[in-house]
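In case you want the letters, here they are:
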Amino acid sequence: MGNCFAPISSNSSSTETSPRDTAPNPSTTQIGEPNEEQRLQPTSIGSNREISSSGPSRRQSTTLGRLNKHKRTSSLFSMVGPSLDALRNYATLPNPQNSLSASTLLLSSKTCLAVFDAYPKAKYHFLVLPRYPFPPQSDPESKESITSLNSLNDLKSILLKTTPSAREEILQNMNNMANEVEEMIRDEMLKSEGFEWKVDIGFHAIPSMKHVHLHVISDDRISPSLKTKKHHNSFRPDLGFFIPIMEVQRWIEDDSNMQERVDALSGAEQLLNTPLTCHKCDEFISNIPKLKTHLEKHFQDERSSALKHIARHGRQRSSDEEIF
DNA sequence: GTTCTAGAAC
DNA sequence: GTTCTAGAAC
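None of the values given here were measured: they were computed from a predicted structure.

Caption draft 1: Representation of the overall build of chain A in the model. Looking only at helices and strands, chain A has 13 helices and six strands in total. Within the span of chain A, comprising 324 residues, buried residues form 47% of the whole. As presented, chain A carries roughly 16,100 Å² of accessible surface, and 51% of it is formed by carbon and sulfur atoms.

Structural data, given as structure tokens:
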């Protein structure tokens, strides 16, 4: 709920396409005016709907699209919900902006994609993934890849199985797109709630889906899909399971103990069993329903103090100013 | 990853 | 009796 975007125009030159830019106009409304079903149902990472039904003009007929979707999910996929390699399917599409619907794909560039998380754990939650083949910076039009598909399996393989230059290029491109997604989120926060709040960007130490992905998630953590202690712990930036991308950037600046760092990632699973406490105020919370009430209160408090501040000073103090 | 449900916690 | 979690199944 609440994780839907009004139409957003990206002003960054790094982004080459988005479905809204390229598709005929129905897609413009998909993000901006989702129906209640789209709002509440997960968007489509897992369902594989509308993936590369390579026929012409997928989006021209809504009815046809829906029929296809249901046919595909019932006959081809026994499991309801996301397939564990849905992201890899996306990442290897030669033409994602033509193959993915606007409710799945947020942004695409020559090197990366940003997609809606199918089970968002906050009001805003997106995934940024590197595409394969991953073209070199020196020749973005090339069909060559600076790294193998296997090296894009997860953060571990990025850190250990790529050349230092490829590693830096991949992480830099992912970071750039994540920053762009954050800007879009902040625009939407202002439009929908009148103020901005924190956005976290990072990897999971132990990912649940194949193909490395960077989470871009708002720090409210208010979402019907957040159902367990492990869900909440997996996004706490202070626990060690969620690795902020800034930290990974520091790791590659001095990679002398990279192997130790990667080994530590594998041991991170037990962190998910950490007792449930609020990630904002550290208060112990006995169960998930109480956490939800608690987080809702934090959100309303933040909102009212931000709105008061804006009323007094005409603008919101940016998070940068708060830190420095 | 999600869904389902038995049994623990209240 | 109801709520909630955690583990099995998918």
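Caption draft 2: View of the protein's contact with DNA strand C. Around DNA strand C sit Asn-287, Ile-288 and Pro-289, and that is every residue in its neighbourhood. Across the atoms of DNA strand C situated within 4 Å of the protein, the share located in sugar and phosphate is 100%. The separation between a phosphate oxygen of DNA strand C and a polar main-chain atom of Ile-288 is 2.7 Å.

Caption draft 3: How the structure looks around the side chain of Ser-99. Relative to the elements of secondary structure, Ser-99 occurs in helix α6 (residues 96-99). Looking at Ser-99, its side chain comes within polar contact range of the main-chain oxygen of Asn-95, at 3.0 Å.

Caption draft 4: View of the pairing of strand β2 (residues 112-116). Where burial is concerned, most of β2 is hidden: five out of the five residues are buried. Both faces of β2 are covered, namely the face carrying Cys-112, Ala-114 and Phe-116 and the face carrying Leu-113 and Val-115. The pairing of strand β1 (residues 105-108) with β2 spans three bridges and is classified as antiparallel. Note that in β2 the partner of Leu-107 across the bridge is Ala-114. Between β1 and β2, which follow one another and run antiparallel, lie three residues. The sheet contact formed by β2 and strand β3 (residues 125-130) spans five bridges and is antiparallel. The residue of β3 that forms the bridge with Cys-112 is Pro-130.

Caption draft 5: Representation of the packing of aromatic side chains within the structure. Inspection of the entire model under this criterion finds six aromatic pairs. Aromatic pair Tyr-124 and Trp-197: ring centres 6.0 Å apart, planes at 50 degrees, arrangement tilted. Note that Tyr-124 is positioned in the loop between β2 and β3 and Trp-197 in the loop between α8 (164-193) and β4 (199-204), a separation of 73 residues in sequence. Among the residues examined, Tyr-124 registers a relative accessible area of 1% and is labelled buried. Judged by relative accessible area, Trp-197 falls into the buried class, the value being 3%. An aromatic cluster of at least three residues, connected via ring pairs, comprises Tyr-124, Phe-195, Trp-197 and Phe-299.

Caption draft 6: Structural context of the pairing of β3. Of all six residues in β3, six are buried; the element is thus mostly enclosed. What you see with β3 is no split at all: His-125, Leu-127 and Leu-129 on one side and Phe-126, Val-128 and Pro-130 on the other are buried throughout. Across four bridges, the pairing between β3 and strand β5 (residues 214-218) is antiparallel. Paired with Leu-127 across the strands is His-215, a residue of β5.

Caption draft 7: The arrangement of the packing of α8 against helix α10 (residues 245-253) in detail. Where α8 contacts α10, the axes come no closer than 11 Å and their chain directions differ by 160 degrees. With respect to α10, the element α8 is oriented roughly antiparallel. In this structure, the crossing between α8 and α10 has a hand that is left-handed. Residues Arg-167, Glu-168, Leu-171, Gln-172 and Asn-175 of α8 lie in contact with α10, whose contacting residues are Ile-245, Val-248, Gln-249 and Ile-252. Split into classes, the residues belonging to the contact of α8 with α10 amount to four nonpolar, three polar and two charged.

What counts as what
Residues numbered from 1 in each chain as written. Chains lettered and ligands numbered in written order. Predicted model: local features only at pLDDT ≥ 70, side-chain atom pairs only at ≥ 80, totals over all residues. Heavy atoms only, no water. Helix = DSSP H or I, 4+ residues; strand = E, 2+ residues; numbered from the N terminus. Buried < 20%, exposed > 50% of the residue type's maximum accessible area, 1.4 Å probe, protein only. Areas by Shrake-Rupley, 256 points an atom, 1.4 Å probe, with all protein chains shown as cover. Near = heavy atom within 4 Å. Polar contact = N/O pair within 3.5 Å; in protein donor to acceptor, adjacent residues only side chain to side chain. Pairing = 2+ DSSP bridges. Phe/Tyr/Trp six-rings, centres within 6.5 Å; stacked < 30°, edge-to-face > 60°. Axes fitted to C-alpha atoms, helices over the stretch in contact; angles between N-to-C directions. Parallel < 35°, antiparallel > 145°, perpendicular 65-115°, else oblique. Left-handed = near helix turned anticlockwise from the far one by under 90°. Contact = heavy atoms within 4.5 Å. Nonpolar A, V, L, I, M, F, W, Y, C, P; charged D, E, K, R; others polar.

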